[in-house]
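# Structural overview
Letter by letter, the chains look like this.
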Amino acid sequence: MNRAEIMAGWLPETATPKVSAEHFAPSNIALCKYWGKRDTELNLPVNASLSVSLDQLGSRTRVEPIESVSDEVWLNGMRQPADSRFASRVSAFIDLFRSRHPELAFRVHSVNNIPTAAGLASSASGFAALTKALDDAFGLGLSPTQQSVAARLGSGSACRSLFDGFVEWQMGVREDGLDSHGVRLEQTWPGLCIGLLKVDESEKSVDSRAGMQRTKETAHLYQSWPLQAAADLSRLQQAIETRDFALLGSVAEQNALSMHATMIASWPPLLYWQPGSVAAMQKVWRLRAEGLAVYFTMDAGPNLKLLFEAASRPALEAQFPGLEIVQPFGV
Ligand code: DP6
C-alpha cells in the first residue's frame, strides 16, 4: 500500500476544502529515539520510541486555498522556493489530502516559536500542525490517532507531536501502518526540565532521513540497535511510572549515545558532533560526578538537550549561560 492509498480511505467523496484553518503542534524530544525504517514510503519504524512534548514550543501552521496552479509555502515569514526540500515535502504531503481534487492549491504559513538558538528540528511539529490544519480545512474529522498516522506519513517523529506529555510511538505490525502511531501516556512529571544547549546552528549536511537510511544500510553495529531501543523503552516506562529521575536520565543518555554509535559506524561515517558537543558532554559528566543530577540527549545534530529537575535549575543556569529551559509539564 502506498501513502496515497492509506489517506484515500479517509477522504469522503465530497471532500473539498471549506475553510482556511490554523493549528499548533508542539515539538517533541525523544528519550528513546526513532532511528531506522522498516518501510521508507510509509515511515514505519524499526523500533518503538518515546518522547516528551514541549508544551508551548512548536509550530503554528495555517493553510488557505488559493487561486493558483501551485502551492505557496512560507516558513517563519519567508517564502520558500517551490523546488526547496521543505516546500516540495509540504506539497507532496498536501497531495495526500487533495487526491480527489488535484486542481486545488494552498498557501501554507508555518511559524516556529522554538527559540532560534535551540537548534531543534521543526519537521515533527511542522507536519503535526499541518496535518491538523488540513484535517480541519477539508472537514475530515480525523481522530487524534488517525491524525498521528497521517502526520507520520509526512515525517516519522511528527506522529508523536499530536499529543502533549509523554508519548510512545507504537511501532505496530501491520503493513499498512494503521497501528503505527503515537499514544499519550497518562503519567505527568511536574518539575521535569529540558535545557536546550546550542553548540552550533549551521544547517546539517545529512538530515535524519538520509542519516538513518545510511546507518541501516551500512553499519553492522545497527543490528544491535532494535534490542537496545526495546530495552530502553521498557526501562523508560518504568522510570516514568515510578518518577525515578536517575533511571530516566541515564537511559535517555545511553540511548542517544547508542544511536550516535551506530551513526559513527556507518559508511561514509556520520558524526554530527562538533568539538563543542564533546566538551559539553564532558562537562555534564563532570557535574554529575560532582553530585548534580543532569543528563543529556542529542538528535541528529551537534546540540545537546539537558535533562534535569527543577531543583537543579539555578545550578545549571550558572554553569551554562544562555541555556533555554522548558518545562514540559509546567511547574
Ligand atoms: C534523531 O522524523 O525527522 O530526531 O521520518 O525521515 O522524517 P523522517 O525522520 P525524522 O527523524 C527523527 C530522528 C531523531 C530521533 C527521534 O526524534 O526519535
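Residues numbered from 1 in each chain as written. Predicted model: local features only at pLDDT ≥ 70, side-chain atom pairs only at ≥ 80, totals over all residues. Heavy atoms only, no water.

The name that an unreviewed UniProt entry assigns to the protein is diphosphomevalonate decarboxylase, with the source organism given as Marinobacterium zhoushanense. Quoted straight from UniProt, the Sequence similarities (unreviewed entry) entry for the protein says "Belongs to the diphosphomevalonate decarboxylase family." (UniProt positions renumbered as here; feature names shortened; annotations may be inferred.)

## Description of the site of the ligand
Looking at the ligand, there are 17 residues lining it, with Tyr34, Lys37, Ser155, Ser157 and Arg209 nearest. Side-chain polar atom of Lys37 to an oxygen atom of the ligand: 2.6 Å apart, as the coordinates give it. Ser155 is positioned with one of its side-chain polar atoms (N or O) 2.7 Å from an oxygen atom of the ligand. The fraction of the free accessible surface of the ligand (460 Å²) that becomes covered by protein chains is 93%. Element by element, the count of residues in the shell around the ligand is highest for helix α5 (residues 208-218), at 3 residues. Here the shell around the ligand is built from residues that sort into 5 nonpolar, 6 polar and 6 charged. (Near = heavy atom within 4 Å. Polar contact = N/O pair within 3.5 Å; in protein donor to acceptor, adjacent residues only side chain to side chain. Areas by Shrake-Rupley, 256 points an atom, 1.4 Å probe, with all protein chains shown as cover. Helix = DSSP H or I, 4+ residues; strand = E, 2+ residues; numbered from the N terminus. Nonpolar A, V, L, I, M, F, W, Y, C, P; charged D, E, K, R; others polar.)

## Some details on the packing of helix α3 (residues 123-137) against helix α4 (residues 144-154)
One can describe the packing of α3 onto α4 by two numbers: an axis separation of 9 Å at closest approach and a directional angle of 125°. Put simply, α3 runs oblique to α4. Read as a crossing pair, α3 and α4 show a hand that is right-handed. Touching Phe127, Ala128, Thr131, Lys132 and Asp135 of α3 are Gln147, Ala150, Ala151 and Gly154, all from α4. For the contact of α3 with α4, the per-class residue count stands at 4 nonpolar, 3 polar and 2 charged. (Axes fitted to C-alpha atoms, helices over the stretch in contact; angles between N-to-C directions. Parallel < 35°, antiparallel > 145°, perpendicular 65-115°, else oblique. Left-handed = near helix turned anticlockwise from the far one by under 90°. Contact = heavy atoms within 4.5 Å.)

## Here we look at the sheet that holds strand β13 (residues 324-326)
Spatially, 4 strands are ordered β11-β12-β10-β13 in an open sheet, and the strand pairing comes out antiparallel. Two strands lie at the open edges of the sheet, namely β11 (295-297) and β13, each paired on one side alone. Neighbour-to-neighbour, the strand axes of this sheet turn through a mean angle of 30°, independent of strand direction. Relative to strand β12 (residues 304-309), β11 runs antiparallel, the two being bridged by 3 bridges. Counted as the bridge partner of Tyr295 is Leu307 from β12. Along the sheet, helix α7 (residues 245-264) contacts β10 (192-197), β11 and β12; its crossing angle with β11, the most-contacted strand, is approximately 40°. (Pairing = 2+ DSSP bridges.)

## A closer look at the nonpolar core
Grouped burial of nonpolar side chains is what soluble globular proteins tend to show. Leu31, Trp35, Leu50, Phe166, Ile194 and Leu248 are the most contacted members of the largest nonpolar core, which has 43 residues in total. A total of 7 residues in this core trace back to one element, the largest contributor, which is α7. In terms of nonpolar packing, the next biggest core, distinct from the first, is built from 37 residues, Met7, Leu44, Phe97 and Leu130 among them. (Core = buried A, V, L, I, M, F, W, Y, C linked by side-chain atoms within 4.5 Å. Buried < 20%, exposed > 50% of the residue type's maximum accessible area, 1.4 Å probe, protein only.)

## A few points about the environment of Arg60
Tracing the sequence through the fold places Arg60 in strand β4 (residues 49-66). Residues Arg60 and Pro226 lie 166 residues apart in sequence; the distance between their C-alpha atoms is 33 Å. Dropping the residues within four chain positions of it, Arg60 is found in contact with Glu22, His23, Phe24, His109, Ser110 and Val111. A distance of 3.4 Å separates the side chain of Arg60 from the side chain of Glu22, its partner in a polar contact.

## Here we look at α7
At 3.6 residues per turn, the α-helix brings residues three or four places apart onto the same side. In a regular helix each residue adds 1.5 Å, so 20 residues correspond to 28 Å; α7 covers 28 Å between its end C-alpha atoms and thus fits that length. In terms of residue burial, α7 counts as a mostly covered element, since 14 of its 20 residues are buried. Of the residues that open α7, the one with a side-chain oxygen 3.4 Å from the backbone nitrogen of Ala246 is Asp244. (Expected span 1.5 Å × (residues − 1).)

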